[in-house]
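# What the coordinates show
The residues making up each chain are set out below.
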Amino acid sequence: RPKEEMQNRCAVNVRTEQCCGEHRRRLELFCQEDEAFICVLCVPRHSGHSFVFLHDAVSVYKDKLKASLSSLELKVRDLKDLQTKTETEFREIEEHAVNLEKYIAEEFVKLHQFLHDKEQKLIYQLNSKASEILKEMEENLECIKTGVTEIHSAVPDTNLD
């Protein structure tokens with residue numbers, strides 16, 4: 001390809017310009033239908049086409065490129081803004097998730113403490129009630145034993161056989 005490009009260049013007063021590969025003439029025109037640079041000898045092959053001078057075509061395409069570049073720069077700016085906004089949202093959501101996880105852990109610590117306290121209270125109440133019931137039963141048992149002893153004392157051993 002570099003060899004082909006060298007063959008398509010013309011030396012004009014120390015300056016190198018593009019030349020027609022077929023006619024070795026300087027490219028001076030731009031065929032608007034084919035969007036190609038041509039020399040004056042190529043015009044008959046582009047019969048019915050419209051032409052502009054090379055420098056005019058360059059100017060038109062330069063303006064089109066500037067407009068496209070400007071549009072692309074706006075899109076890039078908008079995309080960078082969107083990227084910044086998305087990154088900020090990402091960090092906020094990440095931070096919120098960490099805070100929520102911490103909150104849940106703290107609430108479960110409180111819940112565990114509440115349940116532990118409730119368990120201890122219920123065990124204490126159970127032990128108190130059990131002690132109360134056992135004491136009452138022990139007192140009743142003593143009364144029964146006393147009653148049995150009194151009955152044995154009052155009634156002599158009699159053998160009913």
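Below or above, wherever it landed, is the structure these notes cover. (Residues numbered from 1 in each chain as written. Predicted model: local features only at pLDDT ≥ 70, side-chain atom pairs only at ≥ 80, totals over all residues. Heavy atoms only, no water.)

With that settled, consider the side chain of His46. Mapped onto the elements of the fold, His46 is located in the loop between strand E4 (36-38) and strand E5 (51-53). The contact partners of His46, leaving out residues within four places of it in the chain, are Cys31, Asp34, Ile38 and Phe51. (Helix = DSSP H or I, 4+ residues; strand = E, 2+ residues; numbered from the N terminus. Contact = heavy atoms within 4.5 Å.)

Attention now goes to a negative patch on the surface. Judged by side-chain charge, Glu136, Glu138, Glu139 and Glu142 come together as a negatively charged surface patch. Residue classification places Glu136 among the partly exposed positions, given a relative accessible area of 47%. (Patch = residues over 30% accessible without salt bridge, like charges linked within 9 Å, V, L, I, M, F, W, Y side chains within 5 Å. Areas by Shrake-Rupley, 256 points an atom, 1.4 Å probe, with all protein chains shown as cover. Salt bridge = Lys/Arg side-chain N within 4 Å of Asp/Glu carboxyl O. Lys, Arg positive; Asp, Glu negative; His and termini not counted. Charge placed at Lys NZ, Arg CZ, Asp CG, Glu CD. Buried < 20%, exposed > 50% of the residue type's maximum accessible area, 1.4 Å probe, protein only.)

One non-glycine residue, Arg24, lies in positive phi territory at about 55°. For Arg24, the location among the structural elements is in the loop between strand E2 (15-18) and strand E3 (29-31). Taking the relative accessible area as the measure of exposure, Arg24 reaches 44% and is therefore partly exposed. Residues other than glycine seldom take positive phi values, yet Glu35 does so here, at roughly 50°. As for its placement among the helices and strands, Glu35 is situated in the loop between E3 and E4.

All right, on to the sheet that holds E3 then. Taken in spatial order, the three strands make up an open sheet running E4-E3-E5, and their pairing is antiparallel. Edge strands, defined here as strands with exactly one partner in the open sheet, are E4 and E5. Strand after strand, the sheet turns through a mean of 35° between neighbouring axes, direction not considered. The pairing of E3 with E4 spans three bridges and is antiparallel. Looking across to E4, one finds that Cys31 is bridged to Ala36. Packed on one face of the sheet, helix H2 (residues 54-154) meets E3, E4 and E5 and runs near 95° to E5. (Pairing = 2+ DSSP bridges. Axes fitted to C-alpha atoms, helices over the stretch in contact; angles between N-to-C directions.)

Our next topic: the environment of Phe37. Take Phe37: it is sitting in strand E4. Its relative accessible area of 42% is what places Phe37 among the partly exposed residues. Between the alpha carbons of Phe37 and Val52 there is a distance of 9.7 Å; along the sequence they are 15 residues apart.

Taken together, Leu100, Tyr103, Ile104, Phe108, Leu111, Phe114 and Leu115 make up a surface patch of nonpolar side chains, about 700 Å² in accessible area. Take Phe114: it is sitting in helix H2.

This brings us to the packing of aromatic side chains. Applying the stated criterion to the full structure yields two aromatic pairs. A ring pair is formed by Phe30 and Tyr61, whose centres lie 5.3 Å apart and whose planes are at 70°; its orientation type is edge-to-face. You can see Phe30 sitting in strand E3 and its partner Tyr61 sitting in helix H2, a full 31 residues away along the chain. On the accessibility criterion, Tyr61 (29% relative accessible area) is partly exposed. Grouped by ring-pair contacts, the aromatic residues Phe30, Phe37 and Tyr61 constitute a single cluster. One cation-aromatic arrangement involves Lys64 over Tyr61; the distance from NZ or CZ to the ring centre is 4.9 Å. (Phe/Tyr/Trp six-rings, centres within 6.5 Å; stacked < 30°, edge-to-face > 60°. Lys NZ or Arg CZ within 6 Å of the ring centre and 35° of its normal.)

Purely geometric numbers; function is a separate question.
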